[in-house]
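Breakdown of the fold
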Amino acid sequence: MSSISLNIEFGGGLELLFSNKRSHQISIPAVVPKDNHTPKPDAPFAAHNSKPADVTFLIHWMKDNLLQERVELFMEDDTVRPGILVLINDTDWELEGEGDYLLKDGDEIVFISTLHGG
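Residues numbered from 1 in each chain as written. Predicted model: local features only at pLDDT ≥ 70, side-chain atom pairs only at ≥ 80, totals over all residues. Heavy atoms only, no water.

1. Things to note about the layout of surface pockets
Estimates place the volume of the second largest pocket at around 210 Å³. Forming the walls of the second largest pocket are G12, G13, L14, L16, L17, E69, R70, L73, R81, S113 and L115. Across the lining of the second largest pocket, the residue classes tally to five nonpolar, three polar and three charged. (1 Å grid on protein atoms, 1.4 Å probe; cavity = no way out; pocket = protein on both sides within 12 Å on 5 of 7 lines; lining within 4 Å. Points joined across faces, edges and corners; volume = space filled by probe spheres on them. Nonpolar A, V, L, I, M, F, W, Y, C, P; charged D, E, K, R; others polar.)

Structural data, given as structure tokens:
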């Protein structure tokens, strides 16, 4: 099964939820389950229930594989919570189709929290 290599960056305090590391080099499957669950490596799933890897799958993968604590500070209703800016190759993800953006090898995805306590 082929995979996609990505550079994931965090800012604005989000790195605290992800092992206190601002940068992660990861590899995810190129083809993933339509329901976005993160299968075990080499676990089979039916081709008719698959799709190309997109940002929505990446968010679920990060929740299951990188997030260390407090999922509610990162995700809400199957996507990133309001107040988290997502950049895909330095472009606002809203211009790229948000979670539907199909990931490509070498993409850089940046998550920046704009929420700060006071």
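The structure having been displayed, the exposition proceeds.
2. Details of the pattern of salt bridges
Side-chain pairs of opposite charge can arise whenever the charged atoms involved come near each other. Taken as a whole and judged by the stated rule, the model has four salt bridges. R22 is the partner of E15 in a salt bridge, and the nearest nitrogen-oxygen pair spans 3.8 Å. We classify E15 as buried; its relative accessible area is 12%. For K63, the salt bridge is made with D64, and the minimal N-O distance between the two is 3.3 Å. What makes K63 partly exposed here is its relative accessible area of 30%. (Salt bridge = Lys/Arg side-chain N within 4 Å of Asp/Glu carboxyl O. Buried < 20%, exposed > 50% of the residue type's maximum accessible area, 1.4 Å probe, protein only.)

3. Looking at unusual backbone geometry
The residue N89 is not glycine, and still its phi comes out positive at about 50°. On the secondary structure map, N89 appears in the loop between β7 (84–88) and β8 (91–92). The exposure class assigned to N89 is partly exposed, which follows from its relative accessible area of 34%. Although it is not a glycine, E98 sits at a positive phi angle of roughly 55°. Among the secondary structure elements, E98 is positioned in the loop between β8 and β9 (108–113). (Helix = DSSP H or I, 4+ residues; strand = E, 2+ residues; numbered from the N terminus.)

4. Brief notes about the pairing of strand β1 (residues 3–11)
Taken together, the seven bridges between β1 and strand β2 (residues 23–29) define a ladder with antiparallel strand orientation. Along β2, the bridge assignment pairs I4 with I28. The pairing of β1 with β9 spans five bridges and is parallel. In the sheet register, E9 faces β9, and the bridge partner there is V110. (Pairing = 2+ DSSP bridges.)

5. A word on the environment of P52
Residue placement: P52 occurs in strand β4 (residues 50–52). Linking P52 and Y101, residues 49 residues apart in sequence, is a C-alpha distance of 9.7 Å. Filtering out sequence-adjacent residues up to four positions away, P52 remains in contact with A30, V32 and L102. (Contact = heavy atoms within 4.5 Å.)

6. Some points on the sheet that holds β7
Pairing between the strands of a sheet comes from backbone hydrogen bonds, and it takes one of two forms, parallel or antiparallel. Strand order in the open sheet formed by five strands is β2-β1-β9-β7-β8, with mixed pairing between adjacent strands. At either margin of the open sheet sits one strand with a lone partner, and together these are β2 and β8. Direction of pairing for β7 relative to β9: antiparallel, over a ladder of five bridges. Across the sheet, the residue bridging to L87 is V110, located in β9.

Coordinates in, geometry out; function isn't part of it.
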